[in-house]
Amino acid sequence: MIFEWFSATFLSLLGALILDRLIGEPKSWHPLIWFGKWVDSGRLQLQRPLTDCESTQKRAGVFAWGLAVIPWLIVLFITFSVLPSALSWLLSTLVLYFCIGWQSLREHAQAIAFPLAKKELVKARTAVGCIVSRDTDNLTSEDVAKAGIESVLENGSDAVFAPIFWFFIFGAPGVLVYRLANTLDAMWGYKTDELKYFGWFAARADDVLNFIPARLVVYTYALCGMLWGNGARARRCARQQSLYWKSPNAGPVMAAGAGALGIKLGGDAVYFGKKESRPILGEGRDPNADDVTRAVTLIDRGVIVWVVFIYVLI
């Protein structure tokens, strides 16, 4: 019985990865787009009547998070309980497909790398602005490459490897909870005056759910970086440099990825008009357009490693 479950899970994983690679992410009717609009409308209605008291805002944030996630989990469990095995497998495959962003990440990276290689800096700035929250108007070509690679490496963990991890551990319910939690963090997990208390739980929940997958990604980037002769460097950078990064999961992931690629990331960046001093991640030269593509290749190799490992494991 357990073997059959793992086998079905592996086949769903393969099916979802193939669908994602061939079709990519739906641009206009993705369920997460609808989910995002729904929960943000609910947040405004819930938050408006509240005081600015820290404890009140935090309690409301916890309640809102549960209200946004738990009903869909219940619906999924009920649906699986009434579906025959073949349709359950198909539903699991579709859930993972909608929760993974492998091809989307590739497309965003190419939109940055191609114009950057052609010295079309304005176009490259616009493209990188679609996936980062920093100010992009005055970025140099090196800064654009750096911002793009940081986003690719971090989202490789968040949008590719972490969904695979939670799907393998808990199936479709596991990856659904993870992806909804990750979406809520992306929407509410900011330290603005409006969200710093309300979004506290969303940010912490995402940190917890990403903790184990992020550490596995560190070793994945290091293993794949061995092909460039940078495996040991990747592990060293993740161990030493991530201690000073503000995010407990993004820091080690980006440091390992930068070390594996043999480049330097991090450093000063401007967010919402304010300059932030960030530690240097990685070792080596400054990044360029080719390194954006190499970052995608690193993730591709990691996906192959994970698929092979899961196959051997079952």
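Please refer to the structure placed before this passage.
Since the structure is predicted, the reported quantities are computational estimates derived from the model, not experimental observations.

**Comments concerning the overall build of the protein chain**
Helix and strand counts for the protein chain come out as 11 helices and four strands. If you line up the protein chain on its principal axes, its C-alpha atoms span 55 × 55 × 35 Å. For the protein chain, buried positions account for 51% of its 314 residues. Intrachain contacts of the protein chain at a sequence separation of at least 6 include 71% that bridge at least 24 residues. Surface accessibility of the protein chain: about 15,600 Å² in total, with carbon and sulfur atoms responsible for 65%. Counting 31 positive and 27 negative side-chain charges, the protein chain places the centres of these two groups 3 Å from one another.

**Some words on the state of the cysteines**
If you walk through the whole model with that rule in mind, you get zero disulfides. In this structure C224 is not part of a disulfide, and its nearest cysteine sulfur, from C237, lies 16 Å away. Judged by its relative accessible area of 3%, C224 is buried.

**Observations concerning empty space enclosed by the protein**
The final tally for this structure, using the stated rule, is one cavity of 30 Å³ or more. Space inside the largest cavity adds up to approximately 30 Å³. Looking at the largest cavity, the residues that line it are W102, L105, R106, V296, I299 and D300. Among the elements of the structure, α5 (102–117) and α11 (289–313) are those that each provide at least two residues to the lining of the largest cavity. Grouping the constituent residues of the lining of the largest cavity by class yields four nonpolar, no polar and two charged.

**Here we look at the nonpolar core**
Ranked by internal contacts, the top residues of the largest apolar core, which has 90 residues, are L184 and Y221. In terms of residues, this core owes the most to one element, helix α7 (residues 141–188), which gives 23 residues. Residues within four places of L184 in sequence aside, it is in contact with F35, V39, W65, A68, V69, G189 and A202.

Rules used throughout
Along each chain, numbering runs from 1 in the same order as the chain's sequence is written. Two thresholds apply to this predicted model, a pLDDT of at least 70 for residue-level local features and 80 or more for giving and counting side-chain atom pairs, whereas whole-chain, interface and lining totals are computed over all residues. Calculated side-chain values reflect all of the structure's heavy atoms, with hydrogen atoms and water omitted. Under the DSSP-based scheme used, a helix requires at least four consecutive residues in state H or I and a strand at least two consecutive residues in state E, with every element numbered from the N terminus. Note on exposure labels: buried denotes an accessible area under 20% of the residue type's maximum, exposed denotes more than 50%, and partly exposed covers the range between, all computed with a 1.4 Å probe on protein chains only. Any pair of residues with heavy atoms lying within 4.5 Å of one another is described as a contacting pair. What sets the accessible areas is the Shrake-Rupley method with a 1.4 Å probe; for residues, cover comes only from the shown protein chains. For the purpose of counting charges, residues Lys and Arg are taken to be positive, whereas Asp and Glu are taken to be negative. His and the chain ends are not included. A single reference atom marks each charge: NZ on Lys, CZ on Arg, CG on Asp, CD on Glu. Any pair of cysteine sulfurs within 2.5 Å is marked as a disulfide. Here a cavity is any set of points on a 1 Å grid over the protein atoms alone where a 1.4 Å probe fits but cannot get out, and a pocket is any open set with protein on both sides within 12 Å along at least 5 of 7 lines; a residue lines the site when it has an atom within 4 Å of a point. Grid points are joined across faces, edges and corners, and a volume is the space filled by probe spheres set on the points. Classification convention: Asp, Glu, Lys, Arg as charged; Ala, Val, Leu, Ile, Met, Phe, Trp, Tyr, Cys, Pro as nonpolar; all other residues, Gly among them, as polar. For this analysis, a nonpolar core means a set of buried residues of the types Ala, Val, Leu, Ile, Met, Phe, Trp, Tyr and Cys, connected via side-chain atoms within 4.5 Å.

Limitation: the analysis is restricted to geometry and does not speak to function.
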